[in-house]
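One-letter residues, chain by chain:
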Amino acid sequence: MFQQISKFIIEGSSAKTFHPAFVLSSLLVFALAFPSPSLTQTENTDNTKQADNYFNVISKAGLLRWPRSAMPLHIFIKSDDTTDGFRPVFVTLLEQAFSEWSAGAQNRLSFELTNDPDKAQILCGWTSDKNDMTKLTEGGHALVIPEGHNIQRVQITILTKTIADKDLSDQFFKRVALHEIGHALGITDHSPNPTDMMYGNPPFNTINCTLTDRDKNTLIALYSLDQETINHRAINMANMLPDKDNQSNLARIIRLNAEAAKAMQTKNLTLAVEKLEEAHNIDPNNDLINSNLGSVYGNCAVVASIIHQTQRAQIYFNQALPLLAKGPNRENYLSILRFYESFLRSNGKLDEADKIDKTIETLSNR
Ligand SMILES: [Zn+2]
């Protein structure tokens, strides 16, 4: 439905001189695989030789964490769900898992539950559809949205069924919960040790799922670093993308989003629109893609208004604003609303401009 008007940007050559280029949110995914039957637990089981953390492993691709100013982190856990296989105890176990990480971090992190998903930085939800995972062998994943060196927002999705379509045991669920929260807090890779909760391929028969000292020490190491060290070791996004041969919907969306972000850096709006429309068609309900697509349409609207293509600008604004309203990128939403307001004023639509002004005010005060 977006295909028709998105191409015009190529026609207007003066569009190349446009000023605003909105930065798109990136998207990283960290998953936990279900155990494979052939899995053996021979890796690093000699406890005497182990370091007391695996920070060197997780810091290889660069560092990412929540800023101190974001504390307490607001957590939204979807409950009263109709997802097949969902049990209310999952909510309790998830809350316990957050408490365990919080205690393990020794006052470096704090959490607060919220009933309002719009106020949450970490959103937890469920699915019984294996196709929502990046791989069919996956038990859950954390979608991490970074902003510079910081984590801005995370969506955790946990599969409510095993790959054999059986119900999850409480213990295995707890393991998935602890694991995904670890990713959500900035542990971007896996421990090489099967006893750690951040090991990537847990055995099925795990009992007593609880954070190890190594898990806790790794998180403490990450949150004990000074900001300067973090600033010098930005995460390398290109290394974090799903493999090309991974054709799951989510993997494709993440690659398309990365391609769009790259296109925006070189101010190639047409390409960015193309990539994000493709991602939007794969999953029209992905609010980060919606937000990014809204930002790019908004950018197109601004360009069109600069070159006095008033009608086209209006069409782009009409497409951009509903998408931005639904998505998490409030900063881009506000800037595009401000552009829209001045666009309306310069076209003599003062009543409408006043309405937009009120929306801006309400949003800024939230
Ligand atoms: Zn993982």
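Residues numbered from 1 in each chain as written. Predicted model: local features only at pLDDT ≥ 70, side-chain atom pairs only at ≥ 80, totals over all residues. Heavy atoms only, no water.

**Q** When you look at the overall build of the protein chain in this model, what are you seeing that I'm missing?
**A** Within the protein chain one finds twelve helices and six strands. Expressed as a percentage of its 366 residues, the buried residues of the protein chain come to 52%. With the model as given, the accessible surface of the protein chain reaches about 17,400 Å², and the carbon-plus-sulfur share is 49%. (Helix = DSSP H or I, 4+ residues; strand = E, 2+ residues; numbered from the N terminus. Buried < 20%, exposed > 50% of the residue type's maximum accessible area, 1.4 Å probe, protein only. Areas by Shrake-Rupley, 256 points an atom, 1.4 Å probe, with all protein chains shown as cover.)

**Q** For this particular structure, what's the right way to read the confidence of the model for the protein chain?
**A** A low pLDDT means the predicted coordinates there should not be read in detail. Considering every residue of the protein chain, the mean pLDDT works out to 84; 85% of them sit at 70 or more. The low-confidence segment residues 1–19 (pLDDT under 50) makes 35 contacts with residues lying over four places distant or belonging to another chain. Of the regions scoring below 50 in pLDDT, residues 36–48 engages in 15 contacts with residues more than four places distant in sequence or in other chains. (pLDDT = per-residue confidence, 0-100. Contact = heavy atoms within 4.5 Å.)

**Q** Sorry if this is basic, but what is going on with the packing of aromatic side chains here?
**A** By convention here, two paired aromatic rings are described through the distance between centres and the angle between planes. Here the structure, examined in full by the defined rule, presents ten aromatic pairs. Their ring planes at 5° and their centres at 4.2 Å tell us that phenylalanine 90 and phenylalanine 173 sit as a pair that is stacked. Taken together, the positions of phenylalanine 90 in helix H3 (residues 89–104) and phenylalanine 173 in helix H4 (residues 170–184) put the pair 83 residues apart, joining distant regions of the chain. Neither phenylalanine 90 nor phenylalanine 173 differs from the other in exposure class; each is buried. For the ring pair tyrosine 340 and phenylalanine 343, a centre distance of 6.2 Å and an interplane angle of 20° mean the geometry is stacked. One end of the pair, tyrosine 340, and the other, phenylalanine 343, are both in helix H11 (residues 330–346), three residues apart, so they sit about a helical turn from each other. Across the pair, exposure class does not vary: tyrosine 340 and phenylalanine 343 are buried alike. Members of the aromatic cluster, joined through ring pairs, are Phe86, Phe90, Trp126 and Phe173. (Phe/Tyr/Trp six-rings, centres within 6.5 Å; stacked < 30°, edge-to-face > 60°.)

**Q** When you look at the pattern of salt bridges in this model, what are you seeing that I'm missing?
**A** Pairs can form between side chains of opposite charge whenever their charged atoms are close. Under the criterion given, the structure shown has nine salt bridges. For arginine 153, the salt bridge goes to aspartate 287, with nearest N and O atoms at 3.2 Å. Here aspartate 287 lies in helix H9 (residues 287–306) and arginine 153 lies in strand E6 (residues 150–159), a separation of 134 residues in the sequence. For the pair shown, arginine 153 and aspartate 287 are each scored as buried. (Salt bridge = Lys/Arg side-chain N within 4 Å of Asp/Glu carboxyl O.)

**Q** What's the story with the packing of H9 against helix H10 (residues 310–326) in this structure? I'm lost.
**A** In a pair of packed helices, the angle between the axes and the distance between the axes together describe the arrangement. Between H9 and H10, whose axes approach to 7 Å, the crossing angle comes to 155°. One element, H9, and the other, H10, form an angle in the roughly antiparallel class. The element H9 and its partner H10 pack so that their crossing is left-handed. Across the contact of H9 with H10, the residue classes break down as twelve nonpolar, seven polar and three charged. (Axes fitted to C-alpha atoms, helices over the stretch in contact; angles between N-to-C directions. Parallel < 35°, antiparallel > 145°, perpendicular 65-115°, else oblique. Left-handed = near helix turned anticlockwise from the far one by under 90°. Nonpolar A, V, L, I, M, F, W, Y, C, P; charged D, E, K, R; others polar.)

**Q** Please explain H10 as it appears in this structure.
**A** Taking 1.5 Å of rise per residue, 17 residues should cover 24 Å, and H10 covers 25 Å from first to last C-alpha, within 8% of that figure. Looking at H10, one finds that the buried residues are Ala313, Gln314, Tyr316, Phe317, Gln319, Ala320, Leu321, Leu323 and Leu324. (Expected span 1.5 Å × (residues − 1).)

**Q** Explanation requested: the layout of surface pockets in the structure shown.
**A** Which parts of space are left empty comes out when a probe the size of a water molecule is rolled across the atoms. Estimates place the volume of the largest pocket at around 1,600 Å³. In terms of lining residues, the largest pocket is bounded by 47 residues, among which Leu123, Arg153, Gln155, Asp287 and Pro328 are the most central. For the lining of the largest pocket, the secondary-structure elements that each account for two or more residues are strand E4 (122–127), strand E5 (138–147), E6, helix H7 (249–265), H10 and H11. Looking at which element gives the most residues to the lining of the largest pocket, the answer is E6, with seven residues. There are two domains that each give the lining of the largest pocket at least three residues, and those are domain 1 (5–21 + 247–364) and domain 2 (28–235). (1 Å grid on protein atoms, 1.4 Å probe; cavity = no way out; pocket = protein on both sides within 12 Å on 5 of 7 lines; lining within 4 Å. Points joined across faces, edges and corners; volume = space filled by probe spheres on them. Domains from an automatic or database assignment.)

**Q** What is the right way to read the packing of H10 against H11 from this model?
**A** Contact geometry for H10 and H11: axes closest at 10 Å, N-to-C directions at 150°. Overall, the two elements H10 and H11 adopt an arrangement that is roughly antiparallel. The handedness of the crossing between H10 and H11 is left-handed. Of H11, the residues touching H10 (which contributes Thr310, Ala313, Gln314, Phe317, Asn318, Leu321, Leu324 and Ala325) are Asn332, Tyr333, Ile336, Leu337, Phe339, Tyr340, Phe343 and Leu344. Among the residues making up the contact of H10 with H11, the classes are represented as twelve nonpolar, four polar and no charged.

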